[in-house]
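Chain by chain, the residues run as shown.
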Amino acid sequence: MKRIISTILFVTFAVVVSAQEPWTKGGFETGKYRNLFVEMGYKQADVDAKLKEVFNDVFRGPNKVYFEVGDTLGYVSDIKNHDARTEGMSYGLMIAVQFGEKDIFDRLWRWSKKYMQHQDGPRKGYFAWSCRTDGTRNAEGAASDGELYFITALLFASNRWGNDTGIDYKAEAQHILDCIQPKEYTPEPRPGFGGFGGFGGQQQNGPQKMYLIDPETKLITFTPDGFGQRFTDPSYHIPVFYEVWARWADDGRADLWNECAQKSRAFLHKCINDTTGLNPDQCQYDGSLMQMPRFPGMPDRPQGAPRRNGNNNFRYDSWRVPMNIALDYEWSCADREWQQQYGEKFQNFLYSQGINDFVDQYRVDGTLPEGNEILPAGGFRKLRHSIGLVATSAAASVMCRHDKKKEFVDALWNAKHEPFDDGYFDAYYDGLLRLFAFMHLSGNYRVIFPQ
């Protein structure tokens, strides 16, 4: 009897250990997804209830960021900045199609198309990255991650609901894909600096080419015009999205999109610090850090002092990278060995800072930024233990073997999304990343095949 009990216990232990090992095949191939919460001892009913609660916090609760307009429209708002952004709108679309919320999806798409998408001119097909909540544009230019998510979410909507329920989702995705191909335009002259929402460099004169994907490197641009085409943002790199395009866009460019996926994975190897696992907010296409230009009127540095460029630091955009790499791992598993090593390296660094104490901005070597290097948010310039980074660092656990992963998952489960003592609260970015992480860890962020 003792031998039988011992055997049962051993087999049970072996099954649990096996379940917690990172998988070697992705959702494209298996159609299966891990529920790390259940693997780590949480009850399925509690996981389901928690996921519903977090979804409602974003879309229906007192701190929601989703708002309906009339009978057919809706938008996601960055509350603290009083606007709607292509980032949040396209995230909302992806979440809605994952949860099967067709009404939310259709409302968000109609609002995006009506107010954000350019219907003519050189930016035709692109989306103005920021609008007031009444639809008035704050800027005309695009931020490339918006288009990335719009296309992928529309293709999933086509797969889930078909194209004859009032919106031809596939045709809308194909239209964007056609418009993001390189095209020549002449920018309007403007004084001072150009670029994305007021960021960027000197105005370029004469005809230029506009493109979402850099034709030479096959990497996504920071912004698809002018200065922003000269570099990229590591958090815009989701290689597996290109594989979705290659499978279901039917736009005749499958080979290009598969090449983009390969190039994007290779780029991520280059832009991430080998010691800390941290990545910069923005960087060059070869993965190297941005060079800080010296503009006229800038004071000289003290002799020997480094010229710090905050764009080279790990900060708000950067938080998304571990979650994006986890998504590529979950769906494709095409780069699993490196991804597993990366996940543990990244978590090891944050763990060394304290599982409940790591802050939300670092230089990529792991030292703390100072002064103006710290990117402000909501009127505050302050380092915090932000729930957005708590969330994405927990999502990285799907790639990890080490025992620390459970502490990250537990930390997310137990974290409360509420205002800090000084009043700062981000329902939008922190809330969306928190929801995405719960989708990852509960096995509910999936490839949507044609129904």
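First, a word on scope: everything that follows refers to the structure included in this document.

Parameters at a glance
- Residues numbered from 1 in each chain as written.
- Predicted model: local features only at pLDDT ≥ 70, side-chain atom pairs only at ≥ 80, totals over all residues.
- Heavy atoms only, no water.
- Salt bridge = Lys/Arg side-chain N within 4 Å of Asp/Glu carboxyl O.
- Buried < 20%, exposed > 50% of the residue type's maximum accessible area, 1.4 Å probe, protein only.
- Helix = DSSP H or I, 4+ residues; strand = E, 2+ residues; numbered from the N terminus.
- Expected span 1.5 Å × (residues − 1).
- Core = buried A, V, L, I, M, F, W, Y, C linked by side-chain atoms within 4.5 Å.
- Contact = heavy atoms within 4.5 Å.
- Phe/Tyr/Trp six-rings, centres within 6.5 Å; stacked < 30°, edge-to-face > 60°.
- Lys NZ or Arg CZ within 6 Å of the ring centre and 35° of its normal.
- 1 Å grid on protein atoms, 1.4 Å probe; cavity = no way out; pocket = protein on both sides within 12 Å on 5 of 7 lines; lining within 4 Å.
- Points joined across faces, edges and corners; volume = space filled by probe spheres on them.
- Nonpolar A, V, L, I, M, F, W, Y, C, P; charged D, E, K, R; others polar.

**Brief notes about the pattern of salt bridges**
Part 1: Scanning the model with the defined rule gives 27 salt bridges in all.
Part 2: Arg85 is paired through a salt bridge with Asp78; the nearest N and O atoms lie 3.6 Å apart. For the pair shown, Arg85 and Asp78 are each scored as buried.
Part 3: A salt bridge links Asp422 to Lys382, with the shortest nitrogen-to-oxygen separation between them at 3.3 Å. Of this pair, Asp422 sits in the loop between helix H14 (404-414) and helix H15 (429-441) while Lys382 is found in the loop between strand S8 (362-363) and helix H13 (387-395), placing the two residues 40 residues apart along the sequence.
Part 4: According to the relative accessible area criterion, Asp422 is partly exposed, its value standing at 31%.
Part 5: Residue Lys382 is classed as partly exposed on the basis of its relative accessible area, which comes to 39%.
Part 6: Taken together, the shared-partner salt bridges in this structure form one network comprising Asp78, Lys80, Asp83, Arg85 and Asp426.

**Quick notes on helix H5 (residues 86-99)**
Turn by turn, an α-helix covers 3.6 residues, leaving residues three or four places apart pointing in a common direction.
Part 1: Across its 14 residues, H5 extends 20 Å between first and last C-alpha, which sits within 8% of the 20 Å expected from 1.5 Å per residue.
Part 2: The positive-phi residue at the C-terminal boundary of H5 is Gly100, with phi of around 75°.

**Some details on unusual backbone geometry**
Part 1: Located in the positive-phi region is His82, a residue other than glycine, with phi close to 55°.
Part 2: Examined against the element boundaries, His82 turns out to sit in the loop between strand S2 (73-76) and strand S3 (84-85).
Part 3: On the basis of relative accessible area, His82 is assigned to the exposed category, the value being 62%.

**Examining the nonpolar core**
Part 1: In this structure, Phe105, Phe241, Trp245 and Trp331 are the most contacted members of the largest nonpolar core, which totals 135 residues.
Part 2: Counting residues per element, this core draws most heavily on helix H7 (residues 144-161), at 10 residues.
Part 3: Ignoring any residue separated from it by four or fewer positions in sequence, one finds Trp331 in contact with Gly26, Gly27, Phe28, Tyr33, Gln98, Phe156, Val240, Phe241, Val244, Tyr445, Arg446 and Val447.

**With respect to the packing of aromatic side chains**
Part 1: Under the defined criterion, the tally for this structure stands at 40 aromatic pairs.
Part 2: Note on Phe67 and Tyr75: the rings are 5.6 Å apart at their centroids and 35° apart in plane angle, and the pair reads as tilted.
Part 3: Phe67 sits in the partly exposed class, given a relative accessible area of 24%.
Part 4: Here Tyr351 and Phe408 contribute two aromatic rings whose centre-to-centre distance is 6.4 Å and whose plane-to-plane angle is 45°, an arrangement assigned as tilted. Of the two residues, Tyr351 is situated in helix H12 (residues 336-353) and Phe408 in helix H14; the sequence distance between them amounts to 57 residues.
Part 5: Members of the aromatic cluster, joined through ring pairs, are Tyr91, Tyr149, Phe156, Phe241, Trp331, Phe436 and Tyr445.
Part 6: Looking at Arg247, its charged tip hangs above the ring of Phe28, at a distance of 4.0 Å from the centre.
Part 7: Positioned above the aromatic ring of Tyr351 is the side chain of Lys404, whose terminal nitrogen or guanidinium carbon lies 5.5 Å from the ring centre.

**Some words on helix H9 (residues 239-248)**
Part 1: With nine of its 10 residues buried, H9 lies for the most part within the structure.
Part 2: Within H9, burial applies to Pro239, Val240, Phe241, Tyr242, Glu243, Val244, Trp245, Ala246 and Trp248.
Part 3: If you follow the buried residues of H9, they end up packed against helix H2 (27-30), H5, H7, helix H8 (169-179), helix H10 (254-271) and helix H11 (320-331).
Part 4: Just downstream of H9 lies Asp250, where phi reads positive at about 50°.

**Brief notes about empty space enclosed by the protein**
Part 1: What the rule picks out here adds up to two cavities of 30 Å³ or more.
Part 2: Here the largest cavity defines a volume of roughly 100 Å³.
Part 3: Together, Trp23, Lys25, Gly26, Gly27, Thr30, Lys32, Tyr33, Arg34, Tyr329, Glu330, Cys333 and Val398 line the largest cavity.
Part 4: Counting residues per element, the ones that place at least two in the lining of the largest cavity are H2 and H11.
Part 5: Within the lining of the largest cavity, the residues separate by chemical class into five nonpolar, three polar and four charged.
Part 6: Tyr316, Trp319, Asp360, Arg384, Ser386, Tyr424, Asp426 and Asp430 together form the lining of the second largest cavity.
Part 7: Taken together, the residues that form the lining of the second largest cavity break down as three nonpolar, one polar and four charged.

**Considerations on the environment of Asp225**
Part 1: Checked against the element boundaries, Asp225 lands in the loop between strand S6 (208-210) and H9.
Part 2: Distance from Asp225 to Tyr185, taken between C-alpha atoms, is 9.4 Å for residues 40 residues apart in sequence.

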